[in-house]
Amino acid sequence: MKFQNDFVLIQYLKNGNEEAYVYLVDHFNNRLCTYASSLANDPLMAQDIVQQVFIKVWEKRNQLNANFPLSNFLHKSVYNEFIDQYRKKRAVTLLEKKYIDALNSIVEEEESHLDKRLVLVKQEIENLPPKCKQVFLMSKQDGLTNTEISEYLGISIKAVEWQITKAFSTIRERVKVKMQGYFFILFPMFGRKFKY
């Protein structure tokens with residue numbers, strides 16, 4: 001009974017009260033899952049959306065606004081999470097198409113010819129200046145974002161972008177071929193937008 005008032009419930013949540021969190025999940029889970037299902041038309045995705053919302057509520061409980069109706073906040077959070085997951089899923093779908101198209105563009109090459117090109121591309125990556133090579137591999141091989149690379153190396157995001165652009169330009173100039181398909185083969189994480 002003590003948690004039926006939103007203001008009280010939020011204060012307990014902010015204080016890290018696990019009993020309040022259990023009440024929150026029990027009280028809102030079913031209706032939020034129903035709402036998420038109406039958006040996603042996918043029960044499993046709906047459950048994942050709601051789960052992510054509850055996790056984020058707990059992680060950011062200190063930011064909860066006691067003056068804002070909790071039910072409205074949770075439903076808005078479900079909607080925002082649905083949009084985020086939809087965009088990610090759509091991005092993956094587009095990336096898969098980009099991957100297939102890139103591979104199709106080189107699939108007609110003879111196997112020996114393709115192998116030679118891949119070896120050449122690898123060699124040119126190895127020949128890049130040390131800092132340029134490091135940034136390029138962190139981005140395309142390890143899958144780090146420009147921001148993550150910037151923070152790890154202690155350089156600006158513009159510097160990261162420049163090193164990646166420089167790497168692409170250098171490799172393309174030396175190998176004299178359209179690079180996208182080869183990078184997809186060499187680096188499964190490859191798929192970030194770039195100019196080539």
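In what follows, the structure referred to is the one given above.
Predicted, not measured: the structure shown is a model, and the values here were computed from it.

We now examine the packing of helix α1 (residues 6-14) against helix α2 (residues 18-40). Running from amino to carboxyl end, α1 crosses α2 at an angle of 130°, the nearest separation of the two axes being 8 Å. Comparing their axes, α2 and α1 come out oblique. Crossing of α1 against α2: the hand is left-handed. From α1, Leu-9, Tyr-12 and Leu-13 reach across to α2, where they touch Ala-20, Tyr-21, Tyr-23 and Leu-24. Looking at side-chain class alone, the contact of α1 with α2 contains seven nonpolar, no polar and no charged residues.

The subject of this paragraph is the packing of aromatic side chains. Evaluation of the coordinates by the stated rule reveals two aromatic pairs. Between Tyr-21 and Trp-58, the aromatic rings sit 5.0 Å apart at their centres with planes inclined by 55°, giving tilted as the arrangement. Of this pair, Tyr-21 sits in helix α2 while Trp-58 sits in helix α3 (residues 43-59), and the two are 37 residues apart along the sequence. Aromatic side chains Phe-136 and Phe-168 sit 5.4 Å apart centroid to centroid with 85° between the ring planes, which places their arrangement in the edge-to-face category. Of this pair, Phe-136 sits in helix α6 (residues 130-140) while Phe-168 sits in helix α8 (residues 157-175), and the two are 32 residues apart along the sequence. With relative accessibility at 0%, the residue Phe-136 sits in the buried group. The aromatic ring of Trp-58 is capped on one face by Arg-61, whose charged end is 4.1 Å from the ring centroid.

It is worth spelling out the pattern of salt bridges at this point. Counting across every chain of the model gives three salt bridges. One salt bridge connects Glu-126 with Lys-133, and the closest N-O pair in it is separated by 2.6 Å. Overall, Lys-133 belongs to the partly exposed group, its relative accessible area being 22%.

Conventions and cut-offs
Throughout this document, residue positions are counted from 1 along each chain, in the order its sequence is written. Per-residue local features of the predicted model are confined to residues with pLDDT of at least 70, and side-chain atom pairs are confined, for both listing and counting, to 80 or more; whole-chain, interface and lining totals are unaffected and use all residues. With hydrogens and water set aside, each side-chain value is computed from the structure's full complement of heavy atoms. As a rule, the C-alpha atoms of each element are fitted with a line to give its axis, helices using only the stretch in contact, and angles between N-to-C directions run from 0 to 180 degrees. Think of it this way: any DSSP run of H or I at least four residues long counts as a helix, any run of E at least two long counts as a strand, and we number them from the N terminus. Any angle that falls under 35 degrees is termed roughly parallel, while one over 145 is termed roughly antiparallel, one within 65 to 115 roughly perpendicular, and all others oblique. In this scheme the handedness of a crossing depends on how the near helix is turned from the far one: anticlockwise by less than a right angle means left-handed, clockwise means right-handed. Two residues qualify as a contact provided that any one of their heavy atoms is within 4.5 Å of a heavy atom in the partner residue. Each residue is assigned to one class: nonpolar for Ala, Val, Leu, Ile, Met, Phe, Trp, Tyr, Cys and Pro, charged for Asp, Glu, Lys and Arg, and polar for all the others, Gly among them. Only the six-membered ring of Trp is used, alongside the rings of Phe and Tyr, when aromatic pairs are assigned; centres must lie within 6.5 Å, and planes under 30 degrees apart are stacked while those over 60 apart are edge-to-face, with the rest tilted. Relative accessibility decides the category of a residue: with a 1.4 Å probe and only protein chains considered, values under 20% of the type maximum give buried, values over 50% give exposed, and everything between is partly exposed. In this scheme, Lys NZ or Arg CZ marks a charge over a ring once it lies within 6 Å of the ring centre and within 35 degrees of the ring normal. Here, a salt bridge means any side-chain nitrogen of Lys or Arg that lies within 4 Å of a carboxyl oxygen of Asp or Glu.

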